Each structure stands twice: as structure tokens, then as C-alpha cells.
Amino acid sequence: MEQVQTLICNNAVMVFSKSYCKFCNKVKEIFRTENIDFHSIELDLMDTEGKIIQDALAELTKQTTVPNVFLNGKHIGGCDATEKLFRDGTLVERALGTYQKRDFDLVVIGGGSGGLAAAKEAASLGRKVAVCDFVTPSPRGTKWGLGGTCVNVGCIPKKLMHKSALLGCDMKDATHFGWEMAEQAKHNWEKMAQEVKMHIMSLNFGYRSELMLKKVQYYNAYATFLDKHKLKLVDRNQKVTEITADNILIAVGGRPNYPDIPGAREYGITSDDLFYLPHCPGKTLVVGASYVALECAGFLAGFGLDVTVMVRSILLRGFDQQMANMIGAHMESHGVKFLKNTVPVSVTEKSAGSPGELTVTYRMSDGEVGEQTFNTVMFATGRSPCTANIGLDEIGVELNARNGKIVVDKYERSNVKNIFAIGDVRDSTPELTPVAIQAGRLLAKRLYGKCDEPMDYKMVPTTVFTPLEYGCVGYSEEDLTESFDAGDVEVYHTHFQPLEYTLPKRDQDKSYGKLICLKSAGEKVVGFHVLGPNAGEITQGFALALKLGAKKSDFDDLVGIHPTCAEVFSTMFITKASGISVEKSSC
């Protein structure tokens with residue numbers, strides 16, 4: 001016992017080990033990885049003395065197995081206990097004797113989908129967790145509750161308003177299916193907006209309740225870094241609180257950009273405001289060609305409003321351009337006007353009101369200047385991460401100078417070891433809610449569970465909820481031809497006519513699907529694209545096939561469900577290279 005006590009006292013990190021034990025070797029490798037000096041003795045190489053030492057250890061610690069680890073004289077435990085400290089990032093401090101107990105194991109800055117997922121997962125693994133969330137009002141004064149962009153001013157209200165517009169289209173089709181409409185249906189913006197708002201408020205309440213149930217501390221306050229472990233929180237009443245945490249996760253998302261032109265902030269709105277407008281937006285100009293721009297323009301036109309989209313260059317940058325142009329053509333056929341190769345110059349108020357009238361001056365690529373009057377001007381020209389005013393420069397977190405996003409490794413860890421980032425603030429990451437949720441859960445499991453799996457950012461499916469929905473996963477044709485030889489790419493494609501469109505005889509040859517394949521990989525399907533009703537539901541199912549490496553022959557072997565839109569992917573045989581027409585006239 002005296003010999004054991006001497007070894008523990010004389011070595012800051014002491015490991016009692018056996019040379020053949022994989023758990024002992026794992027612990028020693030952890031210390032080497034962290035550059036922690038340690039002393040170990042191999043009990044199995046000490047003849048009878050090793051057995052006597054292990055008996056003394058058992059009497060001292062009540063632990064009969066190895067490894068038996070001590071840090072600065074304190075018994076830590078075995079492999080699991082050491083790995084737990086390694087995962088949560090406190091092992092080095094504990095080994096050096098500099099660790100001080102902090103308020104929380106994990107603090108999440110940002111109460112969006114990804115941050116909440118991480119917080120709840122960490123709490124379920126027994127850790128003490130806090131969430132800090134504060135919504136800075138938009139220039140128009142719009143603010144919202146817990147849940148982040150998706151819930152409050154993104155996916156949820158967007159999909160509900162998209163559905164509202166589709167219902168209007170369905171009512172027009174209904175007469176062809178035998179329904180006799182007593183009078184022409186009218187859309188009530190105020191009623192819809194109130195219903196959407198009430199649903200969002202119920203989700204806000206649900207998130208608060210979940211945090212309470214998981215015993216996650218919630219601070220409705222703006223968080224900034226004082227040092228890498230300490231945060232200053234300022235609430236709406238300017239009350240200041242300071243908290244500390246072993247690890248801090250940044251999941252603050254982004255906010256819409258405004259162009260640097262006169263009147264943009266004074267008179268324009270963004271997606272932060274549109275869903276909370278108390279009045280119908282009326283004649284609307286949407287500036288931008290992002291998926292946010294086209295989705296909002298689509299449902300506004302579906303309500304019967306006069307909608308114009310101002311496009312600087314191309315539609316849906318980063319998406320397959322054939323599909324993007326087909327979306328634009330479909331929207332034009334349903335009354336949406338496009339001002340192409342055009343940028344706004346200024347916005348001025350012509351008359352006040354709800355809505356009032358705004359005069360927009362714009363310049364086209366040929367230098368010609370134009371002017372039009374609208375009731376509402378909405379900017380959807382991209383988003384910027386909320387990383388500028390939270391003190392990251394004070395603690396040296398590396399940002400991508402081009403976009404302001406946080407540079408991290410594959411485990412979401414920044415260059416400051418205990419600071420992590422997920423979601424829209426993470427550099428080189430798809431800005432999608434399910435991506436942030438998955439990344440947040442996996443991060444918590446890696447820190448506080450026994451998971452080593454990094455987030456897989458490849459083959460992530462998504463859908464653009466334009467009037468005719470567009471779903472995709474994998475490569476676009478442009479991306480593939482940049483990465484592979486053009487002769488190695490085979491594209492199978494077809495138009496299809498949804499059965500529900502046949503009676504009203506609308507949108508002939510507008511729905512379309514294609515599979516992009518690599519010949520050298522046995523026609524492995526590396527790109528899936530569909531334009532048609534319920535594209536999101538279709539894409540979600542086929543995304544699994546691409547994730548698992550399906551080949552074109554697997555799609556051919558699949559028996560389709562008839563009559564559905566999705567079945568066309570099991571009967572697709574025409575290649576683009578063949579030049580054969582893919583127009584369809586029936587299901």
C-alpha cells in the first residue's frame with residue numbers, strides 16, 4: 001500500500017496497467033494523443049509483486065480491474081472514466097491540476113433546431129446544459145420566440161403558406177373532378193397569417209416545455225464571449241449575468257442580407273418579416289433568385305397577387321441549372337414576372353399605408369434604368385452568419401474571411417478546442433435544418449456518449465417548395481462534369497404527367513425527373529432530381545438509395561407503385577445522349 005501511495009503521490013498522472021489489456025492501451029494512447037505526460041507500471045510483468053499491488057489498489061479504490069487511473073492524487077477510475085474526460089474536453093486541465101468546476105458542462109448559444117437538438121441530447125446523457133437564445137428584431141421590428149429560423153421565419157411558415165397556395169390551385173381543379181363551387185373562392189391573408197402565427201407560438205411553447213422536461217437551463221438573453229469558458233448574457237431588460245461552461249456550442253444561424261442601396265432597410269422587408277405581415281403584401285417585388293426568393297414569390301402568386309422577381313444573374317445558384325430554369329419557366333407560365341439581369345438601385349416611399357406604395361428604381365445589364373411601383377419589396381439575396389458581435393475575435397476563433405462562418409474540423413471543433421459550431425454558421429455546410437439537427441445530436445453523443453461518428457455531409461437531400469416542387473440529392477450535372485470526365489456521365493431522364501393534372505389539363509410536360517450516373521462505377525446513381533408535386537416526399541425516400549450506393553440497375557429492379565409520380569424512376573430508360581424525346585401525354 002505504501003508503494004502504491006508513493007507512485008500516486010510522485011506522478012501527476014499515474015496509470016496502473018497490464019501490457020496485454022486493450023483498455024489499458026487505449027487509456028495510454030489517449031494520454032499520448034493529448035500530449036499528457038504519464039507514468040505507468042505493467043502489473044502483469046512484475047511477477048507476484050504485481051498481484052500484491054493490484055490487491056492494494058482494490059483495497060484503496062474498490063476497483064478490481066485495470067486500468068486504474070489517478071490524476072493529481074485523485075482516483076479517476078478506469079478506461080470509461082478516462083475516455084469520458086477525454087471526450088468532454090476536460091482531461092488536459094484535470095491532468096495539469098488546473099481544472100475548476102464550471103456552471104455547465106455545455107452551453108449552447110442559439111435556440112434553433114440544431115442547438116436545441118444538441119442541448120437535449122447532452123442533457124439526456126446526464127450533463128448539465130444551458131441554452132442562450134435572443135432574437136434581435138429585424139429593421140422592421142419583427143421578432144419571434146424560441147425555435148430559430150426554421151420554426152419561426154423559415155421552413156414551417158413557408159410550407160404552410162405554400163400549402164395554402166396549392167389549395168387555391170386545387171380548388172380551381174375541383175370543378176373538373178365534379179365539384180360544383182357555389183362561388184369563387186377568395187384568399188384571406190389575415191386569417192392565414194393568424195393561423196400560422198398561432199401554430200408557431202404553440203411550437204415555441206413546446207420547445208420551452210421540452211427544455212424544462214430535460215432540465216436544460218434556458219436564458220432568453222444575448223450571449224457574448226468574455227473568454228473561452230465564460231459568457232456574458234444580457235436580457236431584454238439589460239440585466240447582465242455571467243456563466244461558465246466546459247464546452248460551448250455556437251449555433252446562432254444567420255439573418256437575411258439587405259442590399260446597400262438607399263431605402264432598402266427603411267422600406268424593404270425580408271423573410272424575417274413576410275410571415276408576420278398583418279396585412280396582405282399586395283403587388284410584390286421579390287429581389288433575388290435564391291430558393292427563399294422563388295418559394296415566397298411562388299406562394300404569393302398562388303394567392304392571386306401580382307408578383308415580380310428581380311434576378312441579377314441565374315436562378316438557384318448551386319442547384320442543377322436545367323431544373324432551376326424549368327422552375328422559372330413554370331412560374332412564368334403561372335403569371336410570375338421576371339426582371340432578368342437586373343439589380344435594384346433605390347427604394348422610395350410613394351405613399352404610406354398598409355400596404356403603401358414604393359417606387360423601385362433598377363438598372364439592367366445593358367445600363368438601361370427602369371422604375372416601377374409596388375406595395376411590398378422583399379429582399380431575398382442571401383444570408384449572413386450571426387458571428388460578428390458575439391466576441392469570437394476576443395478568444396481567437398478562426399472565421400472564413402470571405403463569409404464570416406466558423407472554420408471547424410470534421411468533428412465540428414473550432415481552432416479553440418472547447419468551442420464548437422454547427423448549422424448555418426459552420427463553414428462549408430448545407431444550410432438545412434435537418435443537417436443542423438443531425439450534427440447537433442452527433443456532437444453531443446461524441447462529447448458525452450460513446451459515439452465516434454462524425455456528421456456525413458454528403459448525399460444530403462433537399463427540396464425547393466416552389467409551386468411545382470423540386471427535390472434533389474447528390475450531384476447536379478454542372479458539379480459532376482466539373483469533377484468527372486464528361487464521357488463517364490450518363491443521364492437518364494423523362495417528363496411525366498401527374499394523374500391529378502390530367503383532368504384539368506394543366507402543366508403538360510412540366511414535371512420532370514432525371515438520374516445522373518457514373519459509367520465507370522457500374523452506373524452508380526450519384527444525382528437524383530425531380531420536379532413535380534410532392535417532390536419532397538419522393539426525394540426523401542430515394543435519398544436512402546443514393547446514400548447506400550444504389551446503381552441504375554437497382555432502380556430498374558424496383559417495382560413501382562402505380563399510379564404515382566415516383567414510379568417513373570423505376571421505368572426510366574431514355575438517356576440524354578440518345579436524343580430521344582421524353583415528352584409525355586399520359587400517366
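Our subject in this report is the structure included herewith.

Parameters at a glance
- Residues numbered from 1 in each chain as written.
- Predicted model: local features only at pLDDT ≥ 70, side-chain atom pairs only at ≥ 80, totals over all residues.
- Heavy atoms only, no water.
- Axes fitted to C-alpha atoms, helices over the stretch in contact; angles between N-to-C directions.
- Helix = DSSP H or I, 4+ residues; strand = E, 2+ residues; numbered from the N terminus.
- Parallel < 35°, antiparallel > 145°, perpendicular 65-115°, else oblique.
- Left-handed = near helix turned anticlockwise from the far one by under 90°.
- Contact = heavy atoms within 4.5 Å.
- Nonpolar A, V, L, I, M, F, W, Y, C, P; charged D, E, K, R; others polar.
- Salt bridge = Lys/Arg side-chain N within 4 Å of Asp/Glu carboxyl O.
- Buried < 20%, exposed > 50% of the residue type's maximum accessible area, 1.4 Å probe, protein only.
- Pairing = 2+ DSSP bridges.
- Expected span 1.5 Å × (residues − 1).
- Arc of directions from axis to C-beta.
- Polar contact = N/O pair within 3.5 Å; in protein donor to acceptor, adjacent residues only side chain to side chain.
- Core = buried A, V, L, I, M, F, W, Y, C linked by side-chain atoms within 4.5 Å.

## Side note on the packing of helix H2 (residues 22-33) against helix H4 (residues 79-88)
Then, number 1: The interhelical angle for the contact between H2 and H4, taken along N-to-C directions, is 25 degrees, at an axis separation of 10 Å. It follows from the interaxial angle that H2 and H4 lie roughly parallel. When you trace H2 past H4, the crossing you get is left-handed. Residues Phe23, Lys26, Val27, Ile30 and Phe31 of H2 form the contact with H4, whose own contacting residues are Cys79, Thr82, Glu83 and Phe86.
Then, number 2: Taken together, the residues of the contact of H2 with H4 break down into 6 nonpolar, 1 polar and 2 charged.

## Here we look at the pattern of salt bridges
Where charged atoms of side chains with opposite charge meet at close range, the side chains can pair.
Then, number 1: As enumerated under the stated definition, the model contains 27 salt bridges in all.
Then, number 2: For Lys337, the salt bridge is made with Asp306, and the minimal N-O distance between the two is 2.5 Å. Taken as a pair, Lys337 in strand S14 (residues 337-340) and Asp306 in the loop between helix H12 (291-302) and strand S13 (307-311) lie far apart in primary sequence, 31 residues in all.
Then, number 3: Judged by relative accessible area, Asp306 falls into the partly exposed class, the value being 33%.
Then, number 4: Each of the salt bridges in this network shares a partner with another, and the network as a whole consists of Lys26, Glu83, Arg87 and Asp452.

## Structural notes on the packing of helix H1 (residues 2-10) against helix H3 (residues 47-61)
Then, number 1: Orientation of H1 relative to H3, taken along the N-to-C sense of each, is 75 degrees, at an axis distance of 9 Å. Viewed along their axes, H1 and H3 adopt a mutual orientation that is roughly perpendicular. Taking contact as the criterion, the partners of Gln3, Val4, Gln5 and Ile8 in H1 are, on H3, Glu49, Ile53, Ala56, Leu57 and Leu60.
Then, number 2: Looking at the contact of H1 with H3 residue by residue, the class counts come to 6 nonpolar, 2 polar and 1 charged.

## Some words on the sheet that holds strand S2 (residues 39-42)
Then, number 1: The strand order across the open sheet formed by 4 strands is S2-S1-S3-S4, and the pairing between neighbours is mixed. At either end of the open sheet lies a strand with only one pairing partner, and these are S2 and strand S4 (74-77). Taking the axes of each pair of neighbouring strands and ignoring which way they run, one obtains an average angle of 20 degrees across the sheet.
Then, number 2: Contacts between H1 and the sheet are confined to strand S1 (13-17), S2 and strand S3 (68-71), with S1 contributing the most and set at about 140 degrees to the helix.
Then, number 3: Contacting S1, S2 and S3, H2 crosses the sheet at an angle of about 160 degrees to S1.

## Points about unusual backbone geometry
Then, number 1: A cis geometry characterises the amide bond from Ser354 onward to Pro355, with omega recorded as 0 degrees.
Then, number 2: Considering the arrangement of structural elements, one finds Pro355 in the loop between strand S15 (342-351) and strand S16 (357-364).
Then, number 3: Between His562 and the following residue, Pro563, the backbone shows a cis peptide bond with an omega angle of -5 degrees.
Then, number 4: Within the element layout of this structure, Pro563 appears in the segment after helix H18 (552-557).
Then, number 5: A positive phi is found at Asp47, a non-glycine position, where the angle reads about 55 degrees.

## Focus on H2
Then, number 1: With 12 residues, H2 extends 16 Å from end C-alpha to end C-alpha; this agrees with the ideal 16 Å at 1.5 Å per step.
Then, number 2: What H2 keeps buried is the set Cys24, Val27, Lys28, Ile30 and Phe31. Looking straight down H2, one finds that the buried residues subtend no more than 150 degrees of arc, so they occupy a single side.
Then, number 3: The inward-facing, buried residues of H2 abut S1, S2, S3, H4 and helix H5 (91-96).
Then, number 4: Among the residues trailing H2, Asn35 stands out with phi positive, at a value near 55 degrees.

## Details of the side chain of Gln54
Then, number 1: Assignment of secondary structure puts Gln54 in helix H3.
Then, number 2: Of the polar contacts made by the side chain of Gln54, one reaches the backbone oxygen of Thr64; its length is 2.9 Å.

## Re the sheet that holds strand S18 (residues 376-379)
Then, number 1: Strand order in the open sheet formed by 4 strands is S14-S13-S12-S18, and the pairing between neighbours is parallel. If you trace the sheet from one side to the other, it starts and ends with S14 and S18, each paired once. Averaged over all pairs of adjacent strands, the angle between their axes in this sheet comes to 20 degrees, without regard to strand direction.
Then, number 2: Where S13 and S14 come together, 4 bridges link them in parallel fashion. Looking at the pairing, Val309 lines up with Phe338 of S14.
Then, number 3: Of the strands in this sheet, strand S12 (284-287), S13, S14 and S18 are in contact with H12, which crosses S13 at around 165 degrees.

## Observations regarding helix H15 (residues 433-448)
One full turn of an α-helix is made of 3.6 residues, so residues set three or four places apart face in the same direction.
Then, number 1: With 16 residues, H15 should cover 22 Å at 1.5 Å per step; its first-to-last C-alpha distance of 23 Å lies within 8% of that length.
Then, number 2: Among all positions of H15, only Thr433, Val435, Ala436, Ala439, Gly440, Leu442, Leu443, Ala444, Arg446, Leu447 and Tyr448 are buried.

## So, the nonpolar core
Then, number 1: Trp189, Phe299 and Phe303 are the most contacted members of the largest nonpolar core, which has 48 residues in total.
Then, number 2: Among the secondary structure elements, those contributing two or more residues to this core are helix H7 (148-153), helix H8 (155-174), helix H9 (189-213), H12, S13, helix H13 (321-333) and strand S22 (470-474).
Then, number 3: Here the element with the most residues in this core is H12; it accounts for 7 residues.
Then, number 4: Residues within four places of Phe299 in sequence aside, it is in contact with Lys158, Met161, His162, Ala165, Leu274 and Phe275.
Then, number 5: Leu211, Tyr218, Val435 and Leu443 belong to the second-largest nonpolar core, a separate cluster that totals 27 residues.

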